[in-house]
Amino acid sequence: MPHRLSAIKADITTLDVDAIVNAANEALSGGGGVDGAIHRAAGPELLEECKTLGGCKTGAAKITKGYNLPARFVIHTVGPVWRGGTQGEDDLLASCYRASMALAVEHGARSIVFPAISTGVYGFPQDRAATIAVRTVADALTGIADMDRVIFCCFGAQSLELHRRALDMTLQAGR
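Residues numbered from 1 in each chain as written. Predicted model: local features only at pLDDT ≥ 70, side-chain atom pairs only at ≥ 80, totals over all residues. Heavy atoms only, no water.

Caption draft 1: Spotlight on the pattern of salt bridges. Per the counting criterion, the structure on display carries six salt bridges. Note that D18 and R72 form a salt bridge whose closest N and O atoms lie 3.6 Å from each other. Note that D18 is positioned in the loop between β1 (5-9) and β2 (19-23) and R72 in the loop between β3 (61-65) and β4 (73-77), a separation of 54 residues in sequence. Given a relative accessible area of 18%, D18 falls into the buried group. Close ionic contact of D90 with R128 constitutes a salt bridge, the shortest N to O distance being 2.9 Å. One end of the pair, D90, is in helix α3 (residues 89-106); the other, R128, is in helix α4 (residues 126-141), and 38 residues separate them in sequence. By relative accessible area, R128 is classed as partly exposed at 33%. (Salt bridge = Lys/Arg side-chain N within 4 Å of Asp/Glu carboxyl O. Helix = DSSP H or I, 4+ residues; strand = E, 2+ residues; numbered from the N terminus. Buried < 20%, exposed > 50% of the residue type's maximum accessible area, 1.4 Å probe, protein only.)

Printed below as a string of structure tokens:
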């Protein structure tokens, strides 16, 4: 259901949705980029809850409360580090989106926001990541009736343009 998909340029920590996705590290310990911003905005309780989760494997996802964020939940997922595309990076990235969608549905979220997972310090090519993200989420949405909105929240203009192009291609493909 592509009409439920959109891409915006915004600060993910300010969005009033049921769940935001955090591009986390395996220790779920906070860090730089979107991970650090989410931890700072949510407050120290987020890190305390993350410490109880036992980390998170690449391609998997874990859920916490949103604490001081407008979002009820934070879904933490660990994207792959880009190693040239021959180490299963595409499948691992798609798994991040599928696992996050599954957790959102399991917890009754009707709206979810994704950052551009793995495209920062993990080095995943932005165009390739945007295509995988949009295609994977659109495919997942076909079996989910209770999800009203999925937003790809982009930090920069280039990421926004790439996600919008991927959305257009997905619409044209009839997904």
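Caption draft 2: Just α3, in detail. Look at α3: 26 Å from first C-alpha to last across 18 residues, which is about the 26 Å you get at 1.5 Å a residue. Of the positions making up α3, those classed as buried are E89, L93, A94, C96, Y97, S100, M101, L103 and A104. On its buried face, α3 sits against β2, β3, β4, β5 (111-114), α4 and β6 (149-154). (Expected span 1.5 Å × (residues − 1). Contact = heavy atoms within 4.5 Å.)

Caption draft 3: View of the packing of aromatic side chains. Taken as a whole and judged by the stated rule, the model has three aromatic pairs. With a centroid separation of 4.9 Å and 45° between ring planes, the pair formed by Y97 and F114 is classed as tilted. Taken together, the residues Y97 in helix α3 and F114 in strand β5 connect sequence positions 17 residues apart. Comparing Y97 with F114 shows no difference in burial state: the two are buried. A relative accessible area of 0% places F114 in the buried class. (Phe/Tyr/Trp six-rings, centres within 6.5 Å; stacked < 30°, edge-to-face > 60°.)

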